[in-house]
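Residues per chain, in single letters:
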Amino acid sequence: MSRRPGWLAQHWLAVASPVALLIGWEVASAVGLLREAFFPRPSTVLIHLRRLVTDGTLLAHALPTLSRIGGAFALAAILGVATGLAMGLWRRLREGLDPVFAVIYPIPSVLFLPLVSFLVPRGETALIVTTAATSFFLVAFTTTEGVRQIDPLVVEAARHYGARGRRLFTAVLLPGALPFILTGLRLGLGYALIVVVAVEIVSASRGLGALLWLSWQVLKVEDMYATFLVIAALGAVLSYGLAVLRARLLPWAQDVAER
Amino acid sequence: MKVVVDDVSVAFDSRGHTVVALDRISLRVAAGEFLCVVGPSGSGKSTLLRVVAGLLRQTSGDVRIEAARPGAPLTAMVFQEHALLPWRTVLANVVFGLENRGVSRAEREARARDMLALVGLSRFARHYPHQLSGGMKQRVGIARALANDPEVLLMDEPFAALDAQTRTIMQEELLRIWASLGTTVIYVTHSLEEALLLGDRVVLMTARPGRVSQVFPVDLGRPRGLEIRGSPAYGVLLEKIWSQLRDEVVRAMDADRDP
């Protein structure tokens, strides 16, 4: 067997393209091709990022965001998986809820904030519920499909070999739907981050979205870009984390997903 | 008699009119017998097997299976498309039925390992189905059925999807396993050659509605291998059954052609 080429040799383009972009940006701002007031050099942004970290500003804004994402994701995951499983198992429920979901789902979640504020306590709870909305629909949709795409022949075979009721659910339907559920959770977590930032821009004094907006309002453009970077990195870490979890939970589905 | 199929009919509604899949079928299978059921497609051979397996309720008539060993399931089916649980390892698939019946872990794993050894898959206990070839998956299907120690082993065209070489090897393997266990087998196939190689008797079914056309004893001696194809008795019997089967196939094709 020949030695496999290293990771960098295989993925050099994935590394080279963002590096080239940053270098191009740096040069363009330095020579005045881009106005530094709006497009500060990446090196300047990094200096500001370091200051935000050391003076504690970043942590003070990141913690509320993380706790909101955590709350919203937990809410969306629990309710979404439960609703999706029920919709996958009972046709009547699916037929009843599908049109309702289809109408609500495409509405940008931020718009729910005023409505939600009437239904639940304003402030933190309203932010979390609003953030959870889109993720909930995504998780519910994918979970429903996850149950429905299980091969009926496999279910029949499982019944034939004595799996009934609760056992059929835990040993067949749940593991059968799990690849879809985890895909839904990964999408849902990504959307929770998108929506939480939007919601924080609209109505929070703390949080990464608030920091971003505040920096822009007072024209601290470097801080705005620094916050951008943090949000992007957070998104990458969350998505990668769930991908790793998926690979560990689903060794049998891994090859298919990576093909 | 191990299995008595008494006057069994199956009818179902298809777009407003009644389709008779099985029309007053009666069959007797002796303990330890290897019975092959042959017929054109649409003759209801799979339907018959599913009724015996309890996967499908007959419209009228009666199926009786003699339960010689208390606690053992009456039937275990080897499905045409293997129908293994993709999220379970080979070993976990084989123990599945025993697990559902509450057999202790040590006992069911010991039993499963015996069966995997019998089908020559001991080294693949920790593999997942998607890592196996078609023939290996079907061996797992056989091991899963045998692990349950059923009164009657049901096989629904188990080798139909395999390539010709693999099929031949699997047929010989099956004969070896059957000779060592002495299980009662009902084997559905559309291949007359396969039926003559494997069966003690061949039941020929008619085109829709499915009836028993004729039953042929296969007096070709045991043990049997591929070499029986060269014997004169084999040729005579093959010709005799084929002349009848051909009429049924032509009738089935004509019936499909009619509006």
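Caption draft 1: Summary view of the overall build of chain A. In terms of regular secondary structure, chain A is built from 11 helices and 0 strands. Listing the helices and strands of chain A from first to last along the sequence gives α-α-α-α-α-α-α-α-α-α-α. Along the first, second and third principal axes, the C-alpha set of chain A runs to 75 × 65 × 30 Å. Among the 259 residues that make up chain A, the fraction classed as buried is 36%. A separation of at least 24 residues holds for 73% of the contacts in chain A among residues at least 6 apart in sequence.

Caption draft 2: Broad picture of the overall build of chain B. Scanning chain B for helices and strands turns up 7 helices and 9 strands. Here the C-alpha atoms of chain B give a radius of gyration of 19 Å, agreeing with the 18 Å that 2.2 N^0.38 yields for 259 residues. Along the first, second and third principal axes, the C-alpha atoms of chain B reach 55 × 45 × 35 Å. Split into buried and exposed, the 259 residues of chain B put 43% on the buried side. For chain B, contacts bridging at least 24 residues in sequence account for 71% of all contacts bridging at least 6.

Caption draft 3: Region of the structure containing the interface of chain B and chain A. Contacts between the two partners involve 16 residues from chain B and, on the opposite side, 17 residues from chain A. Ranked by residue count, the leading element in the side of chain B that touches chain A is helix α2 (residues 90-100) of chain B, at 3 residues. Grouping the amino acids of the side of chain B that touches chain A by side-chain chemistry returns 10 nonpolar, 4 polar and 2 charged.

Caption draft 4: Quick look at the packing of helix α3 (residues 57-89) of chain A against helix α9 (residues 208-217) of chain A. All names here are of chain A. One way to put it is that α3 packs onto α9 with a least axis distance of 7 Å and a crossing angle of 135 degrees. With respect to each other, α3 and α9 are oriented oblique. Between α3, through His 61, Ala 62 and Thr 65, and α9, the contact on the second element is made entirely by Leu 208, Ala 210 and Leu 211. Of the residues belonging to the contact of α3 with α9, the class tally is 4 nonpolar, 2 polar and no charged.

Caption draft 5: Quick look at the environment of Leu22(A). Residues and elements named next belong to chain A. Within the element layout of this structure, Leu 22 appears in helix α1 (residues 7-30). Looking at Leu 22, the number of C-beta atoms within 10 Å reads 14, which means it is partly exposed. In this structure the C-alpha to C-alpha distance between Leu 22 and Pro 42, which are 20 residues apart in sequence, comes to 6.7 Å.

Caption draft 6: A look at the nonpolar core. In this structure, Val94(B), Ala143(B), Leu154(B), Ile186(B) and Val203(B) are the most contacted members of the largest nonpolar core, which totals 76 residues. For Leu154(B), the contacting residues outside a window of four places in its chain are Leu49(B), Val52(B), Ala53(B), Thr75(B), Ala76(B), Met77(B) and Ile186(B). Counting 51 residues, the second-largest nonpolar core is a separate cluster that includes Ala72(A), Leu127(A), Val129(A) and Phe141(A).

Caption draft 7: Highlighting the domain arrangement of chain A. All names here are of chain A. Assigned domains of chain A: these are domain 1 (1-39) and domain 2 (41-258). Once you take the C-alpha centre of each, domain 1 and domain 2 turn out to be 30 Å apart. Tallying the contact residues gives 8 residues for domain 1 and 4 residues for domain 2.

Caption draft 8: Local environment of the sheet that holds strand β2 (residues 17-29) of chain B. Residues and elements named next belong to chain B. As summarised here, the arrangement of the 3 strands in space is β2-β1-β4, forming an open sheet in which the pairing is antiparallel. Strands with a single pairing partner mark the edges of an open sheet, and in this sheet they are β2 and β4 (60-65). Between one strand and the next, the sheet's axes are offset by a mean angle of 25 degrees, whatever the strand orientation. As paired elements, strand β1 (residues 3-14) and β4 share 5 bridges and run antiparallel to each other. In the strand pairing of β4, Ser 9 is matched with Ser 60. Across the sheet, helix α1 (residues 45-53) touches β1, β2 and β4, and the angle it forms with β1 is around 115 degrees.

Caption draft 9: Expanded view of helix α4 (residues 91-104) of chain A. Here α4(A) is 14 residues long and its end C-alpha atoms lie 20 Å apart, about the 20 Å a rise of 1.5 Å per residue gives. Its maximal kink placed at Leu97(A), α4(A) deviates by approximately 35 degrees, while the proline Pro99(A) follows within four residues.

Caption draft 10: Layout of the sheet that holds strand β7 (residues 184-189) of chain B. Residue and element names in this part refer to chain B. The sheet built from 6 strands is open, its strands ordered β5-β6-β7-β3-β8-β9 with mixed pairing. Since the sheet does not close on itself, it has two edges, and those belong to β5 (75-78) and β9 (212-217), each with one partner. For this sheet the average axis-to-axis angle between neighbouring strands, irrespective of direction, equals 20 degrees. Direction of pairing for strand β3 (residues 34-38) relative to β7: parallel, over a ladder of 5 bridges. Opposite Val 38, over in β7, you have Thr 189 as the bridge partner.

Caption draft 11: Just the packing of α9(A) against helix α10 (residues 221-249) of chain A, in detail. Residues and elements named next belong to chain A. At a minimum axis separation of 8 Å, α9 and α10 run at an interaxial angle of 155 degrees. The angle between α9 and α10 falls in the class roughly antiparallel. Taken as a pair, α9 and α10 cross one another with a handedness that is left-handed. When α9 is examined against α10, the residues Leu 208, Leu 211, Leu 212, Ser 215 and Trp 216 are found in contact with a partner set consisting of Asp 223, Met 224, Thr 227, Phe 228, Val 230 and Ile 231.

Caption draft 12: Local environment of unusual backbone geometry. Residues and elements named next belong to chain B. The linkage connecting Arg 222 with the following residue, Pro 223, adopts the cis geometry, with an omega of -10 degrees. Residue position: Pro 223 is located in the loop between β9 and α7 (232-257). A positive phi angle, close to 40 degrees, is found at Glu 157, a residue other than glycine. Mapped onto the elements of the fold, Glu 157 is located in the loop between β6 (152-156) and α5 (164-181).

Caption draft 13: A look at helix α6 (residues 124-148) of chain A. Compared with the 36 Å implied by 1.5 Å per residue over 25 residues, the 36 Å span of α6(A) between its first and last C-alpha is a close match. Along α6(A), the sharpest kink reaches roughly 35 degrees, centred on Ala133(A).

Caption draft 14: Main features of the confidence of the model for chain A. Predicted confidence across chain A gives a mean pLDDT of 90, with 96% of residues reaching 70 or more. Across chain A, element-level confidence peaks in α3(A) with a mean pLDDT of 96 and bottoms out in helix α11 (residues 251-258) of chain A with 60.

Caption draft 15: Expanded view of the environment of Gly42(B). Residues and elements named next belong to chain B. Mapped onto the secondary structure, Gly 42 falls in the loop between β3 and α1. For the pair formed by Gly 42 and Leu 22, sequence separation is 20 residues and the distance between their alpha carbons is 9.9 Å. Sequence-distant contacts of Gly 42, defined by excluding residues within four places in its chain, comprise Ala 207, Arg 208 and Ala 252.

Reading the values: the criteria
Residues numbered from 1 in each chain as written. Chains lettered and ligands numbered in written order. Predicted model: local features only at pLDDT ≥ 70, side-chain atom pairs only at ≥ 80, totals over all residues. Helix = DSSP H or I, 4+ residues; strand = E, 2+ residues; numbered from the N terminus. Buried ≥ 20, exposed ≤ 12 C-beta atoms within 10 Å, placed from the backbone. Contact = placed C-beta atoms within 7 Å. Rg over C-alpha atoms; globule rule 2.2 N^0.38 Å. Nonpolar A, V, L, I, M, F, W, Y, C, P; charged D, E, K, R; others polar. Axes fitted to C-alpha atoms, helices over the stretch in contact; angles between N-to-C directions. Parallel < 35°, antiparallel > 145°, perpendicular 65-115°, else oblique. Core = buried A, V, L, I, M, F, W, Y, C linked by C-beta atoms within 7 Å. Domains from an automatic or database assignment. Pairing = 2+ DSSP bridges. Expected span 1.5 Å × (residues − 1). Bend = angle between axes of the 7 residues up to and from the residue. Left-handed = near helix turned anticlockwise from the far one by under 90°. pLDDT = per-residue confidence, 0-100.

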